[in-house]
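Examining the three-dimensional arrangement
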Amino acid sequence: MQHHSRPSTPFAELEQELAERQAAGLMRRRRLLESPQSAHIRVDGKDVLSFCSNDYLGLANHPALIAAMQQAAASAGAGSGASHLITGHHVFHDMLEQALANFTGLPAALCFSTGYMANLGVVAALMRRGDAIFADRLNHASLNDAAVLSRADLQRYRHNDLEHLARLLEKSSATRKLVVADAVFSMDGDIAPVPALLELCERHDAWLLLDDAHGFGVLGTHGEGVLGHFGVRSPRIIYMATLGKAAGVAGAFVAAEQVVIDYLLQHARTYIYTTASPPPQAAAVLAALELIAADDARRAHLQTLIATLKSRLQSCRWPLMPSVTAIQPLLVGSNHDALRLSELLLTRGVLVPAIRPPTVPQGTARLRISLSAAHSPADIERLATVLAEAESDWELP
Ligand SMILES: *Cc1c(COP(=O)(O)O)cnc(C)c1O
């Protein structure tokens, strides 16, 4: 039977959707990075001053990490060749888990290939149909996907709204409850009220999963993360952090009570059914941990840059959002204005990404300035200058 509406190619519907996306100005594209990640990079054939990376401590291109990776490749090879539970669990992976447990001061740690996989693995292993997950509305996409995968009931509370969370917890009749929050929110830069979240979890006998992707290495006296920042400690906390941001490499880990880690080793499917990451990657993270622990100067330098930026942009037309972290979003408002400002800066050689809905709520399009210890005070000055120039050109036709 022949349908007249039958499309000419099997993928005509996809073509149509892409064309609509293009027409709406929402097409995403990749820039081509032609240098190592740093403050000054070469992208799409152009040298720019960049405020785009999550390389908060400037370790992604550090000689010690490169050397560790090279040496480990020479002794351990390039690939792991198997999953962790078969023969892929190399000595370097084991050393890294020990080091991460020591570094965070938590009983045990388990490494995952990426943060996305860690979140999927942990939530889907611990939670089942009939259980309840309470998640901040601004949590990272991987945590929402994880909740869907687990089939537990997902309830989202308004961003950092403890009263809303308390009401949802009170109404819940689920026997197993998990509160999930980004420790530092990736598009806002603000820090979750961890002590108050923990208190609510204790009152309602819920577990607390913290995703410290943007706090690990940066927050706390020695970069140990959000738990050190607040000085909180509790056996009901399941701490997760990534190793591709401040730690400069790739991967992620979960640290918690030994029994939680033992359970995840048996049940986290994104840990079990995947090839172990390359051993040299673990070796590079080990080198990063040593630098993070020993070198408070990097964190101090980053703090100085953050303070400088805040004071330099005090009277800017577009306000900085309330953040004390390396993520300093400049609130612009409309999608069009955010794009225009980002383009104006780029013509002056400064790259700051415009973040638009649906990544952030409607009407809150922003430039996500992210600072790194790789920046110099002169780089911050340059950013302030080009923003001031863009501001004075803004009303011109
Ligand atoms: C980056 C990020 C992740 C994902 O980590 P990857 O290692 O990049 O997969 C998870 N959660 C948050 C909050 C993040 O910012």
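Before reading on, note that the structure itself is shown above.
Residues numbered from 1 in each chain as written. Predicted model: local features only at pLDDT ≥ 70, side-chain atom pairs only at ≥ 80, totals over all residues. Heavy atoms only, no water.

Description of the packing of aromatic side chains
- In the structure shown here, the tally under the stated rule is five aromatic pairs.
- Taking the centre distance of 6.0 Å and the plane angle of 50° together, the rings of Tyr239 and Phe253 count as tilted. Of this pair, Tyr239 sits in strand 8 (residues 237-242) while Phe253 sits in strand 9 (residues 252-256); the two residues are 14 residues apart in sequence, bridging distant segments of the chain. Taken individually, Tyr239 and Phe253 each receive the classification buried, so the pair is uniform in this respect.
- Between Trp318 and Trp394, the aromatic rings sit 4.9 Å apart at their centres with planes inclined by 80°, giving edge-to-face as the arrangement. Remark: Trp394 occurs in the segment after helix 15 (377-393) and Trp318 occurs in the loop between helix 13 (296-312) and strand 10 (327-333); sequence separation between them is 76 residues.
- Note on Trp318: relative accessible area 5%, which makes it buried.
- Ring-pair connections join several aromatic residues into one group, and the members of that group are Phe103, Phe216, Tyr239 and Phe253. (Phe/Tyr/Trp six-rings, centres within 6.5 Å; stacked < 30°, edge-to-face > 60°. Helix = DSSP H or I, 4+ residues; strand = E, 2+ residues; numbered from the N terminus. Buried < 20%, exposed > 50% of the residue type's maximum accessible area, 1.4 Å probe, protein only.)

Description of the sheet that holds strand 2 (residues 46-50)
- Taken in spatial order, the three strands line up as 1-2-11 in an open sheet, and their pairing is mixed. At either margin of the open sheet sits one strand with a lone partner, and together these are strand 1 (40-43) and strand 11 (350-351).
- The pairing of strand 1 with strand 2 spans four bridges and is classified as antiparallel. Considered in strand 2, the bridge of Ile41 is made with Val48. (Pairing = 2+ DSSP bridges.)

Let's talk about the nonpolar core
- In this structure, Val179, Phe216, Phe253, Ile369 and Leu383 are the most contacted members of the largest nonpolar core, which totals 95 residues.
- At ten residues, the largest contribution of residues to this core is made by helix 12 (residues 279-294).
- The two domains that each donate at least three residues to this core are domain 1 (31-57 + 296-393) and domain 2 (63-294).
- One finds Leu110, Leu143, Val260 and Ile272 within the second-largest nonpolar core, a separate group that totals 29 residues. (Core = buried A, V, L, I, M, F, W, Y, C linked by side-chain atoms within 4.5 Å. Domains from an automatic or database assignment.)

So, the site of the ligand
- In the vicinity of the ligand lie 13 residues, with Gly115, Tyr116, Asp211, His214 and Lys245 positioned nearest.
- His214 has a polar side-chain atom sitting 2.6 Å from an oxygen atom of the ligand.
- The protein chains hide 81% of the 380 Å² of surface that the ligand would expose on its own.
- With three residues, helix 5 (residues 115-126) is the single largest residue contributor to the shell around the ligand. (Near = heavy atom within 4 Å. Polar contact = N/O pair within 3.5 Å; in protein donor to acceptor, adjacent residues only side chain to side chain. Areas by Shrake-Rupley, 256 points an atom, 1.4 Å probe, with all protein chains shown as cover.)

Remarks on the pairing of strand 7 (residues 207-211)
- Burial analysis of strand 7 places four of its five residues in the buried class, which makes it a mostly covered element.
- Of the pairings in the sheet, the one linking strand 6 (residues 177-182) to strand 7 comprises five bridges and is parallel in character. Pairing of Leu178 across the sheet is with Trp207, part of strand 7.
- Bridge analysis of strand 7 against strand 8 gives four bridges, and the strand direction is parallel. Paired with Asp211 across the strands is Met240, a residue of strand 8.

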